[in-house]
Amino acid sequence: MSSPRFRIDQPWKAIRRWLVDVPVDDPVDRRNAPMLQLILLLVAVPVPLLWAYRVFGSDVPWRSGETLAVSLSMAFCGFAAFSFYLVRRGRMQWALWQLMVVVALSVIASHVGSGFGGNRFEQPVNAVWLVMAGLMIGRRALWIMCAAILSAFALGVHFDVGQGEQLDGIVVDAIVSGLIFVLIALAVDRTASALRESLAAATLRSNELAHANQRLQAEIIEREQVQEQLIHARKIEMVGRLSSGIAHDFNHLLGLVQGYAGRGLEASEPATMREALLGVDGVSRRAAQVANRLLDFSRADVRLLKDIDVAAALEELQPMLRQLLAPGIGIELQLSDAPVMARLDPAQFDLMVLNIASNAGDAMPDGGHFTIDVRGGEDQVHIRFSDTGMGMTEQVRSHLLEPFFTTKPRGEGTGLGLAVVAAMIGDAGGAIYVTSAPGEGTEVRIQLPMAAVSRTPAAADVRAGSTRLPGISPALG
């Protein structure tokens, strides 16, 4: 049963697409184009066929006046066909004006030639042209067409009176018909104006939304670029803070290399020389690992997301933490025995840990204890950083994650550390909580989705004693 309907629907859909596909810019004209083309086709095609049947297929003798009628009909059909061609070329308004002018002249000529009474049955058709003028062209065309019809009525009445019709009856009929056409024109005028105003407002709103969307996209791209630059700048800052410890390590490694090299130079036995060379090789490999780790950490390219074991990554980071924190600060890692996997950029994870450790070190100038605890639960990775430092007030804690906020003296801090941390955690779909009180130290708790677990972070939430920042980028405001 569905196959015949499918075969019928397909040609109609193709015809409809063809009628809609016209090079017209105005949205109102583009909506009216299909209907106008159908009307023009109905005018241009059937009438010549009917006259062809009258000439070649009918046995009725040719009557006087039919030659003029067929000439006028064919001329009007020609105008309709030419108007159809103009619509297909995108000249819709020109086509409409041309058609309305021809219709107006035809209506006037018809009333002049046959009177008001002789054209009484054509008034519904004239109403159609009146409505078309108002809806498809505009107010000026509407009232011009209305004036042409009223003028035709007046000329028709003059013709009828000249033919002996009673003046009172024909004038009353013409006045009533004229009032009806004026009322139709008023209704069409108001309706068309309201439609065009609504469409213009909708178009303006759509354009404003499109421009706003473009601005938003540009701002998003700009903020992403600023965030990347911010993170890279913080990395360089952390590399600078690590430089003294790294220099100490490299000096120590170079001392070992020199010691092994001296032992090899003094060796007289191949076994002793081989042992010295193996020592040089081991120390150089360790130095290369330190250098490569710094290079990976400070790179400025796009993020490299990997499934990493958070506990193992913290163990590898322990030497850098020792270099970053003062000798009087003890470091304790409380790590889960089982792997705790999260999908992160390893360099950004290192930066996050070093930023938190750096702030903890600043809070313990006289020494203290820094603890990192890692646990996996359900589909979340829980990382807790705690220190025994001086803590902070509620006012300071409430602004802690804001970019460029710092309590350090001018020139000793940028205020970007925890803002960068919050940005990276937000990008990873996690959340950060900060709890602190004066004299009681600070605790930073981080929740991250486990690897292969997709979660949508909750809305921002600020609770008593803690600051929670979900998956947004506070470093970008």
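Bear in mind that the values here come from a model prediction, so they are computed numbers and not experimental data.

Here we look at the side chain of Ser386
Among the structural elements, Ser386 can be located in strand β5 (residues 380–387). Assessed through its relative accessible area of 13%, Ser386 is described here as buried. Within the local environment of Ser386, its side chain forms a polar contact with the side chain of Arg384, the two groups lying 3.4 Å apart. If we ignore the near neighbours within four places in the chain, the residues touching Ser386 are His369, Phe370, Thr371, Thr442 and Glu443.

A short note on the pattern of salt bridges
The full count for this structure, using the stated rule, is six salt bridges. Notably, a salt bridge pairs Arg139 with Asp189, separated by 2.9 Å at the nearest N-O pair. In this pair, Arg139 sits in helix α7 (residues 139–162) while Asp189 sits in helix α8 (residues 167–266), placing the two residues 50 residues apart along the sequence. Arg343 is the salt-bridge partner of Asp307, the closest N and O atoms lying 3.1 Å from each other. Within this pair, whereas Asp307 is found in strand β1 (residues 306–309), its partner Arg343 is found in strand β3 (residues 341–344), the two being separated by 36 residues in sequence. A residue is classified by how much of its surface remains accessible, and Arg343, at 44% relative accessible area, is partly exposed. Three or more residues are tied together by salt bridges with common partners; here these are Arg384, Glu443 and Arg445.

Quick word on helix α2 (residues 27–44)
Under the 1.5 Å per step criterion, the end-to-end length of α2 is 26 Å for 18 residues, consistent within 8% with the ideal 26 Å. Bending of α2 peaks at approximately 45 degrees at the position of Ala33, with proline Pro34 no more than four residues after it. Within the sequence span of α2, burial applies to Val28, Asp29, Asn32, Ala33, Pro34, Leu36, Gln37, Ile39, Leu40, Val43 and Ala44.

Brief notes about the nonpolar core
Membership of the largest hydrophobic core comes to 44 residues, with the highest contact counts inside it found for Leu36, Met100, Trp129, Leu130 and Met145. Elements that contribute at least two residues to this core include exactly α2, α4 (66–88), α5 (92–118), α6 (123–137), α7 and α8. When residues in this core are grouped by element, the largest group, 10 residues, is from α5. Excluding residues that lie within four positions of it along the chain, Leu130 makes contacts with Leu142, Met145, Cys146, Ile149, Phe181, Ile184 and Ala185.

Rules used throughout
Residues numbered from 1 in each chain as written. Predicted model: local features only at pLDDT ≥ 70, side-chain atom pairs only at ≥ 80, totals over all residues. Heavy atoms only, no water. Helix = DSSP H or I, 4+ residues; strand = E, 2+ residues; numbered from the N terminus. Buried < 20%, exposed > 50% of the residue type's maximum accessible area, 1.4 Å probe, protein only. Polar contact = N/O pair within 3.5 Å; in protein donor to acceptor, adjacent residues only side chain to side chain. Contact = heavy atoms within 4.5 Å. Salt bridge = Lys/Arg side-chain N within 4 Å of Asp/Glu carboxyl O. Expected span 1.5 Å × (residues − 1). Bend = angle between axes of the 7 residues up to and from the residue. Core = buried A, V, L, I, M, F, W, Y, C linked by side-chain atoms within 4.5 Å.

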